[in-house]
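# Structure assessment
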Amino acid sequence: MRNKKVFKGNFFHAPTYGKAEYLEKTLIVVDEKGIIEKVLSQSNPAYQSVLLESKADNSLVDFGEKFILPGFVDLHIHAPQWPQAGVALDEPLNVWLDECTFPLEAKYKDVTFAKKVYTDLVRQLLNRGTTTAVYFATQHLESSIELAKISALMGQRALVGKVAMDNPEQTHDYYRDESSEQAIADTEAFIIRVRELAKNVIQGVYPVVTPRFVPSCTDETLRGLGILAQKYDTYVQTHCSEGQWEHGYVLDRYGKRDADVLADFGLVTNKSIMDHCNFVNDHDGELFAKHGTAIAHCPISNAYFADGVLPVNRLKKQGVKVGLGTDISGGFSPSLYDNIKQAVISSRMLTDGVDVTIEQGKRGVPNSRVSVLEAFYLATRGGGEALNLPVGLFEEGQIFDVQVLNPNQSGNSLPGFDLYTEPLSRLAKLLYLSTPANITEVWVQGNKVK
């Protein structure tokens, strides 16, 4: 049994979209289960007594002058694509998939290969401050189980999906489920085994029903997966209205939009994460808001393959839950720091427009800008909301997941020259300029994992 701890430090978090708070020299009391019990500012009458008691019983963890951010929540990662990160991104999507991605994912029939890749990926993500990760694995049952085991062992909170893909018209014969029956049976077996594993994982590991996307699945599989999601009350993840081809394919096949088709099959719920969603309209947004369905915004990947920019502010105004994803390896970077920056950049391009042959006042989408503080919210609290998990904030009842940053680290010093010393300027510098060298510690559920 772990002991209660008291953490002292300079904490940043974003309780609301676009607004960050700085908790200077604050004490955070964390119970034996890794849950925040108290948050004590210097002005709190109990501050000094708790500080002295924690020093006396050696329960104090003092981060000194470093800065502490919530652990990041990455809502969309293709774990098997990690070896491919940075490869073939200049190619068209069909070449990237058919010549690189699918042959690579087929290799995960070899569980030994899967263990090697997945161990490295989880370590790399933890080193970059990602404490909660939502993974696509492959259609191989045993390798997918290994990803859940590795995440659990290394201390990362993981939501893992064994991919279902059985449509022979849209998948390769060397890499698909043999039948709808097999896809559904393997998914159910995966759910049961991961839930058994989870009984001994304090930070949590969760099975996720994962149709790759509508084009790669038959109606029978989509229907069966929806039934499983309801039977076991599981998370669901899939690509939705990502790019022009997928959007058009679903319209041609069903005469309906992605969101409606997925809803018809029971896959749009308050535990669903819809990935990308660049082509969603107001109707889709209303549907997601009604069901409590979340969107994983993957700005780097979208810049390469999605044919559009997600209208984050429009969706937030509709009440849709939105978080960030790296989409390795459609997104080359495993860092949500990079995706925070790209979320800001892409939103500015959407606002201002990019075709200079069109009159300035007509070429953009007004009110689309996402600030760095809003992107910080998406990477932390937004991800927690998307998953209905109490992560991403420093408040009582929240899980204590943190990344500790040293701006004076020799490997990547972030000098301020005694300028821009107000807290939000310091936070902005950390978000724009930090590298893994600055992340000196990572804690998940009150347990140090880096």
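This report concerns the structure included in the present document. Computed from a predicted structure; not experimentally measured.

Looking now at the packing of helix α5 (residues 180-198) against helix α6 (residues 219-232). Axes are the key here: two packed helices are described by the angle between their axes and the distance separating the axes. Two numbers describe how α5 lies on α6: the axes approach to 9 Å, and their chain directions differ by 20 degrees. Accordingly, the angle class assigned to the pair α5 and α6 is roughly parallel. For the crossing formed where α5 meets α6, the hand is right-handed. Residues Ser180, Ala183, Ile184, Thr187, Glu188, Ile191, Ile192 and Arg195 of α5 form the contact with α6, whose participating residues are Glu220, Thr221, Gly224, Leu225, Leu228, Lys231 and Tyr232. When its residues are assigned to classes, the contact of α5 with α6 shows seven nonpolar, four polar and four charged.

This part is about unusual backbone geometry. Excluding glycine, most residues fall at negative phi; most peptide bonds, likewise, are trans. The peptide bond linking Ile328 to Ser329 adopts the cis configuration, its omega dihedral lying at 0 degrees. On the secondary structure map, Ser329 appears in the loop between β13 (321-324) and α12 (336-352). The phi torsion at Cys277 lies on the positive side, around 65 degrees, for a residue other than glycine. With respect to the helices, strands and loops of the structure, Cys277 is situated in the loop between β11 (272-276) and α9 (282-291). Located in the positive-phi region is Gln445, a residue other than glycine, with phi close to 55 degrees. Within the secondary structure, Gln445 is located in the loop between β15 (439-444) and β16 (447-448).

Parameters and conventions
- Residues numbered from 1 in each chain as written.
- Predicted model: local features only at pLDDT ≥ 70, side-chain atom pairs only at ≥ 80, totals over all residues.
- Heavy atoms only, no water.
- Axes fitted to C-alpha atoms, helices over the stretch in contact; angles between N-to-C directions.
- Helix = DSSP H or I, 4+ residues; strand = E, 2+ residues; numbered from the N terminus.
- Parallel < 35°, antiparallel > 145°, perpendicular 65-115°, else oblique.
- Left-handed = near helix turned anticlockwise from the far one by under 90°.
- Contact = heavy atoms within 4.5 Å.
- Nonpolar A, V, L, I, M, F, W, Y, C, P; charged D, E, K, R; others polar.

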